[in-house]
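Analysis of the macromolecular model
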Amino acid sequence: MTTVPLRRWIKASKEQATALSSTYLECSLRIAISITRQIGDAESGAASHGPALLPPPFPTASLDWVDFITVCLESTGETVEWNSEALSPSERNSLTASTGSSPSDNTEELLHKIAQDAKQEGEESQIEENEWIERAESRENVDYLRVRSAQIVYVGGTNQVPTRREKRNRIYSLGLVFYELFSGGMLPPPALLISSTNDDDGTVDQGEGRGCATNNEDNAGPWVDFASAVNVSDEVGGRLPHDNVESNGCNDWYVTASIPNKRRQTPLSSVHSMSSGQSLSSPGTIPVLGKISVEYLVTKGVPRPLCDLICNMIDCVNGDFMSDDSYEDMSHVLSDLQLMLEKPSIFLHNLDVDKLSRTGLELNDIDFVRDNEYVSLQCAYQRSIEGSSEMAIITGLSGTGKSTLANRLGHYVVANGGLFLSGKFDQMQQAKPFSAVASAFNNFCDALATQEESEHARLVASKLRTALGSDLYYLAQVIPNLSQLLKENFCHQSSSHDCVNAQSRLHYLFCQFVDVIASCFEGPVTLFMDDVQWADSSSISIIGQLLKMSRSFKNKKHLFFLGCCRNDEMGSDHPFWKMVESVNVLGFKTAVVKLDVMDRDTVNQAVSMLLHLSPRLVRSLSDIVYQKTKGNPLFVSRLLRSLNREGLLRISLTRHRWEWDEEKIQSRKLPDDVANFFVQSINSLSCDVKVALSFLSCFGASTDCAVIQGLENYLQMRLTEPLNVAIDEGLVSKLGQRYYFSHDRLQEAAYSMINEQHRCQQHMNYGLALMNLSAIDLSSGNKNLFFTAVMQINLGGPSAVQGNAEQYYLISSYNLMAGKKAMEMSDFASAFAFFEQGILFLRENHWQEQYDLSLELFNLAAKCALTIKRLTRLDMICNQLLQNARSFEEDTLNISLISASALTFSKVYDSVRYCLIVLSQLGVNIPESASRDDTLNLVTQTQSLLNSIADDTLLNYQVMADFKKIMAMKFLAKLELSVLQTNPALQPFVTIKMCELSMEYGLSPMSAVGFAYFGGMVAELGDVRGGHRYTKLAKMLIEKFQSNEYAGEVIWLATEILHYIEPYQTANEYRIGGQRTAIAAGDVHWACMHKLLYSSSLPHLGVSLSVTKEAMDNACCFSEEHGHLTSLNFLRINKRTVLAFIGDDRGTLSDDEITRTVIQNKNPIQLISLYVQKLFLAVIFNNFDDMKQFQYFYTGLASFRIFRETRDPLWAERGKHYKEKITTWKQEGSLWNFENKSFLLHAEEYYSNGDFDNAQVMYDKAILSARQHKFVHEEALACELAGNFYLNRGNALAALKHFTFAHGKYLQWGAFAKVKMLYAFIQETFGDAFVAAHVGAGSDDLQFDHLNTDIHKKRSK
């Protein structure tokens, strides 16, 4: 660390940085803060903790404060060793003290020497100083801008408790130092200096230099004899010190007197008494303070707030006559300096008074000092982008600054490279599909599309086309500006109804969209939704799905969700809180930040920041504001704006700062509530402005300009000009093509001014007027205006209709049209609301008067109710349809909905019953039971029929046109999976019936389902190649009909057969594509099933168990996110097996718990899966007891093992059966998949039958085949079984070699529990020495020459 005298630092730093540049100012502020803190600490220490060394209250001619201040720099190299011989005497004293050397005990003698040296020094000292700087800087290149701190070191100071007068005097003295510091080295003008010195005869002599003398403590100081000061000032034109003079933008106060020409040295006794804290003036003397002007600093470019600070410090010398802005304590100075350093844009930089005089008070940047809450949001955001699943919710009453705080975080996100997408829910636009969520992404696409040459825009567009393809049409229905980004016109494309669940499809598309966005930008994506208390259920559902799916984004970037809500307007049963609970169950954390009204100190800080003045200067104003607003941030900001407009709070062009009239503000009467305040503010405006605001409030917090302009012309109302007045008043803003109320409470206040009896009629009139506007052209894709019109009509309600029955039916048709368009956008909740409104407007005899309209409204309402799970309402609608439907087709459709509802909610038996009823009505009968031979004969006959028809002929069959047969095929397709779970014996008849109908009446998309299931049946009967043919046909039919509705199911079935034809590793990859196809069609069930089979197949492919575990975790998350319990239960069973192999089953259900859960589910397939997994573990861990326990589910290996132990021929026959099955698949199916398994089963059979030579050959073949085909786990198993074979044959050398190979392969697989068990077995069997040297490495290249040949005997013992 390098220490430099202050004046040296000022001169040297000006050469490294332009004087008064931002760098110089920052360094100077650090120096000022260090000195101020040191003096303040000394004063408070002396007052509370006893003696503390304080500088003299005033500098003198021989004791200049600046000479006692040193600057500590961060060294860039070796510390400079200052040569004291080259220093001036005062600097030598300063340096001696700063380096810790003790000053002379004889203080008077030392000070006398300093005074004499200073008197003789003259101009020579300047020459010595320049020479010293050159010598010092030649030794080291000092960086004077690396300021660490500063300190004032003095001798002869006082340790007495400072009086109030002494504190003020020190502030004055420090102000003189700051003048020189911030001016870049200029000394204060003589008019600012007090130099009161006594002659030998006791008279006072005034001089131009700094100095003071005291000899009478009873005197009140330099401001005591004010009568004399006034008399003198009359002669020289001075003013009283309390006069507030505005001249050239400076604060000027005067205490003037005649100033003699000569200057005398202060006697040493006076200096000593001065340092003891005595008073400044002797009786009868007249103290002098020149004009307090810092105009020179302003001309030098010093910021005006800093000039005011110095002026207020110097003014402290005027004592009780100083201004109200002057300082009373050093801590206040320190606080103001720190604010200037920490927040220079607010407290240091000059105000643009010209702009403020035109625009008035600007409230955009005020954040009401929510620093703690802001830090909490920052921490939650950081945890999220670092991998934690977290979101944040800001709650609070209206007007507490929730949106402001959220936008503050948004600035932070964007500044750090992230994306901040924002939307706002509106109480009056809840029926508009995805209004808030869609607007967030729509604005993003618009911003990106305007950047035509942006690399990000091209990259996003390219990746979206690759990821979503033709499905972009459905996303563009919700996000219209996506068309601009992609430069494609989706208006003329038609939507496809070939979808299992359009809502699930849209959720998937939104998730893919966000995933693509996140992958194209370096920073994370933040989605901010304001006013979620008004969120619609569809938007909440999409937000929840985005959060859940963000954990599986390809780029591992989590979506950070930020929401704002009024906690007093939403209970715990609100759909949003339920969504939060659902994602919290999946491991998400929710940071809830609650905002309350501000306390008195917080209001003071907020007003301080808003007016760019230190908190102490605005305390009186902020106290009044707090008293009138009770700390409501919205009320505070609006009140200050109101005061500004009334001129009670104004910008001063001379003082370059804000000023106010406290008395008038205090006397102003205000409402107690912010809403009433807004009403009062609106009532003070002209009539046409009030009408325009009330009109605007009918459309919510924001409205398209097209609505205002259209209705202004159609209704002949003055709207645009009055709204411009409201904009000038700060009540409304216009951004882009929308009008916005400045706050929701303003909209609510304006809306409350409309008479309740007239509101409904106004909404109805506005809606019908919008409908009649020629600008509404639905064919052009202008849906927003249409939705706005329908919502206005619905807000009016049936009671506002003024016309005949046709008017009611016309409005019902409007709602029918709106509902259909909402369905096209996959917003079934909004669609259902429109259909319900349409039904509400129907007249009493609507079934007779408007049958077609009524039928369509009820049918579509039922479909939407099913999708959004409004089952009670669904039953009521269906009953209406049953009572009034006029044809069988309409009855069939109704029962179809009911059966689908039962299936959706796992009422599988009810679903089967409904489907069989409908099929019998359609003339399709399914036998309740049949013998196995009859079933086999039926399968054989169908296969013979199909084998006689070439593939091309089948694919070119006629298309099914009979409505009843098409309905029958739909119900049969629905039955396939249901009967497989409830009554598997019926499943072959359902499948064959689908094939028969397809051959007789033509092909349909459902035919693909029938052929796929039929292929599975044929393969199960042993004809794998034949089964593969039918599944291939099924996939080709899907492509022919371009049917996504059944694609997920068909691909799943086809991939099951493909496992027997192609290598496992290749076939399993088809499941990834199947999952994507299924979820893109909204088919959650088959998407989850694909995930299940993909991840569950990995351990059987020899994939590392750690990779397998990660895939299973991902699949579990996917099933949890979609609420698919069937796949989740299977995954828990399979994951338990993987964790058992790894040896880490923490956090999983025990075997008993899993078994109990599966039994309670009453799902036979899950029970089979459970026992298969237990058998898998038993074989790998060589657990003979478990093998016997689950005898019905043994495979070949377990059967041969049991046969060797029990010699029961039944097990030999079972083993032989499984061996032949595998061998058949090897010959007719995939050699890759089944060769090593066949060899190993043959080896076990030979071993069991005593044919040891062939067993040895087959073991070697099994090991080699497993290695060639990448089944590392089966290679390990073959090596282990071969090791057991050789060990029991007495060949210990070969046994150890194979056990060692097995150990290495199990280790490679990641089955650490098995590795540990096998290691212990080898250690016990073959000895510690060999294990330590070889087995621990799991090597495949080991030497066995030193092996003890007596191992077999050891094992026998």
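Notes on the structure in this doc start here. Predicted model only: the values in this text are computed from it and were never measured.

Observations concerning the overall build of the chain
In terms of regular secondary structure, the chain is built from 63 helices and 17 strands. Put simply, the chain has 1357 residues, and 56% of those count as buried. Element-wise, carbon and sulfur atoms account for 48% of the exposed surface of the chain, whose accessible area totals about 58100 Å².

Thoughts on the sheet that holds strand β11 (residues 560–566)
With parallel pairing, the 5 strands of this open sheet are ordered in space as β9-β10-β11-β8-β12. Of all strands in the sheet, those bounded by a partner on one side alone are β9 (419–424) and β12 (589–595). Between one strand axis and the next, the sheet turns through 15° on average, direction left out of account. Across 6 bridges, β9 lies against strand β10 (residues 525–530) in parallel orientation.

Observations concerning empty space enclosed by the protein
Taken as a whole and assessed by the stated rule, the structure comprises 11 cavities of 30 Å³ or more. Taken as a whole, the largest cavity encloses approximately 270 Å³ of empty space. As for the largest cavity, its lining consists of 22 residues, of which Pro 305, Asp 308, His 612, Leu 613 and Leu 617 are closest to the centre. A total of 5 residues in the lining of the largest cavity trace back to one element, the largest contributor, which is helix α10 (residues 304–314). In the lining of the largest cavity, the residues fall into 9 nonpolar, 7 polar and 6 charged. In this model, the second largest cavity occupies a volume close to 100 Å³. For the lining of the second largest cavity, the secondary structure elements donating two or more residues are β15 (702–704) and α33 (783–796). By residue class, the composition of the lining of the second largest cavity is 4 nonpolar, 5 polar and 3 charged.

A short note on helix α58 (residues 1252–1268)
Taking 1.5 Å as the rise per residue, α58 with 17 residues should run 24 Å; its terminal C-alpha atoms sit 24 Å apart, in good agreement. Those residues of α58 lying buried are Ala 1255, Met 1258, Tyr 1259, Ala 1262, Ile 1263, Ser 1265 and Ala 1266. On its buried face, α58 is in contact with α57 (1231–1249), α59 (1272–1289) and α60 (1292–1309). Looking at the residues trailing α58, positive phi occurs at Lys 1270, about 70°.

Section: the pattern of salt bridges
Under the criterion given, the structure shown has 45 salt bridges. A salt bridge links Arg 619 to Asp 601; the nearest nitrogen and oxygen atoms lie 3.4 Å apart. Pair noted here: Arg 619 is in helix α24 (residues 619–629) and Asp 601 is in helix α23 (residues 600–611), with a separation of 18 residues, a long-range link. For Asp 601, a relative accessible area of 44% puts it in the partly exposed group. Arg 745 serves as the salt-bridge partner of Glu 748, at 3.3 Å between the closest nitrogen and oxygen. Here the residue Glu 748 and the residue Arg 745 both occupy positions in helix α31 (residues 744–752), the gap between them amounting to 3 residues, near one helical turn. With relative accessibility at 23%, the residue Glu 748 sits in the partly exposed group. Through salt bridges with shared partners, a single network forms among Lys 424, Asp 530, Asp 531, Arg 566, Glu 569, Asp 744, Arg 745 and Glu 748.

Quick notes on the environment of Arg 619
On the accessibility criterion, Arg 619 (30% relative accessible area) is partly exposed. Remark: the alpha-carbon pair of Arg 619 and Val 603, spanning 16 residues in sequence, is separated by 9.2 Å. With sequence-adjacent residues up to four places away left out, Arg 619 is seen in contact with Arg 600, Asp 601 and Asn 604. Of the polar contacts made by the side chain of Arg 619, one reaches the side chain of Asn 604; its length is 3.4 Å.

With respect to the packing of aromatic side chains
Per the counting criterion, the structure on display carries 31 aromatic pairs. Aromatic side chains Phe 1252 and Phe 1285 sit 6.0 Å apart centroid to centroid with 45° between the ring planes, which places their arrangement in the tilted category. Within this pair, whereas Phe 1252 is found in helix α58, its partner Phe 1285 is found in helix α59, the two being separated by 33 residues in sequence. In this structure Phe 1252 comes out as partly exposed when scored by relative accessible area, which is 26%. On the basis of an interplanar angle of 55° and a centroid distance of 6.2 Å, the ring pair of Phe 1299 and Phe 1326 is categorised as tilted. Of this pair, Phe 1299 sits in helix α60 while Phe 1326 sits in helix α61 (residues 1312–1326), and the two are 27 residues apart along the sequence. For the residue pair Phe 1299 and Phe 1326, the accessibility class agrees, reading buried in each case. Geometry around Phe 1118 places Lys 1091 over its ring, the cationic atom sitting 5.4 Å from the centre. In this structure, Arg 1207 packs its charged tip against the face of Phe 1203, placed 4.2 Å from the ring centre.

Rules of the game
- Residues numbered from 1 in each chain as written.
- Predicted model: local features only at pLDDT ≥ 70, side-chain atom pairs only at ≥ 80, totals over all residues.
- Heavy atoms only, no water.
- Helix = DSSP H or I, 4+ residues; strand = E, 2+ residues; numbered from the N terminus.
- Buried < 20%, exposed > 50% of the residue type's maximum accessible area, 1.4 Å probe, protein only.
- Areas by Shrake-Rupley, 256 points an atom, 1.4 Å probe, with all protein chains shown as cover.
- Pairing = 2+ DSSP bridges.
- Axes fitted to C-alpha atoms, helices over the stretch in contact; angles between N-to-C directions.
- 1 Å grid on protein atoms, 1.4 Å probe; cavity = no way out; pocket = protein on both sides within 12 Å on 5 of 7 lines; lining within 4 Å.
- Points joined across faces, edges and corners; volume = space filled by probe spheres on them.
- Nonpolar A, V, L, I, M, F, W, Y, C, P; charged D, E, K, R; others polar.
- Expected span 1.5 Å × (residues − 1).
- Contact = heavy atoms within 4.5 Å.
- Salt bridge = Lys/Arg side-chain N within 4 Å of Asp/Glu carboxyl O.
- Polar contact = N/O pair within 3.5 Å; in protein donor to acceptor, adjacent residues only side chain to side chain.
- Phe/Tyr/Trp six-rings, centres within 6.5 Å; stacked < 30°, edge-to-face > 60°.
- Lys NZ or Arg CZ within 6 Å of the ring centre and 35° of its normal.

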